[in-house]
Amino acid sequence: MSDADGDGETMPELRTIADYQFGPGAGEALFPSDDDESLTVHRSTSGRPRQIVATEGRIVSYGTDGRFTLGVAGGRRLVDALEQPTARVVVGEESEPFVRDGKNAFAKFVREVDPDVRPGDEVAVVLDDDTVIAVGRAELSADAMADFETGMAVHVRDGADGDV
């Protein structure tokens, strides 16, 4: 089942959740309130939102735990709207082809990270120039990502895999 952004209560609620999860401004970045864009909300059989999709791809999935998981399109929207380093893990170019292809990002390649990142947080994996190459779930805290030379920093869910 899908419907357009016409549901008056859903989008404001989803914006509030995004602001809580990613920080102020995230809700408007992910789900703009202007009428220029039509977002498609895929719903469960009970009517609960499951995925929000735009023309450029999946913005987010909405889990039963009440948290969003980012799609690459959603990661790009967050990176464009939020100040550095919010919701980002910056990796070196040597790991770009692997991460872009959907492989996990490892701590030894992390150059910079949002100091507020905790294990389990959704993040965008970016290059130094803020190009989004993947999105996924942080496996380490920001301090651990900066300090460790081994271990998985981000479990990559979706790589940008050539779509630039």
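Residues numbered from 1 in each chain as written. Predicted model: local features only at pLDDT ≥ 70, side-chain atom pairs only at ≥ 80, totals over all residues. Heavy atoms only, no water.

Break down helix α1 (residues 10-22) for me, with residues and values.
Under the 1.5 Å per step criterion, the end-to-end length of α1 is 18 Å for 13 residues, consistent within 8% with the ideal 18 Å. Three or more residues of α1 are buried, namely Thr10, Met11, Leu14, Arg15, Ala18, Gln21 and Phe22. Projected onto a plane normal to the axis of α1, the buried residues spread over an arc of 130° and lie on a single side. Facing away from the buried surface of α1 by more than 90 degrees, the exposed residues are Thr16 and Tyr20. Where α1 is buried, its residues touch α2 (26-30), β2 (40-43), β3 (49-54), β5 (68-70), α3 (72-81) and β9 (122-126). (Helix = DSSP H or I, 4+ residues; strand = E, 2+ residues; numbered from the N terminus. Expected span 1.5 Å × (residues − 1). Buried < 20%, exposed > 50% of the residue type's maximum accessible area, 1.4 Å probe, protein only. Arc of directions from axis to C-beta. Contact = heavy atoms within 4.5 Å.)

For the packing of aromatic side chains, give the residues involved together with the corresponding values.
Taken as a whole and assessed by the stated rule, the structure comprises two aromatic pairs. Between Phe31 and Phe68, the aromatic rings sit 5.7 Å apart at their centres with planes inclined by 55°, giving tilted as the arrangement. In this pair, Phe31 sits in the loop between α2 and β2 while Phe68 sits in strand β5, placing the two residues 37 residues apart along the sequence. Taking relative accessible area as the criterion, Phe68 reaches 1% and is therefore assigned buried. Relative to Phe68, the ring of Tyr62 lies with its centre 5.3 Å away and its plane at 45°, an arrangement referred to as tilted. (Phe/Tyr/Trp six-rings, centres within 6.5 Å; stacked < 30°, edge-to-face > 60°.)

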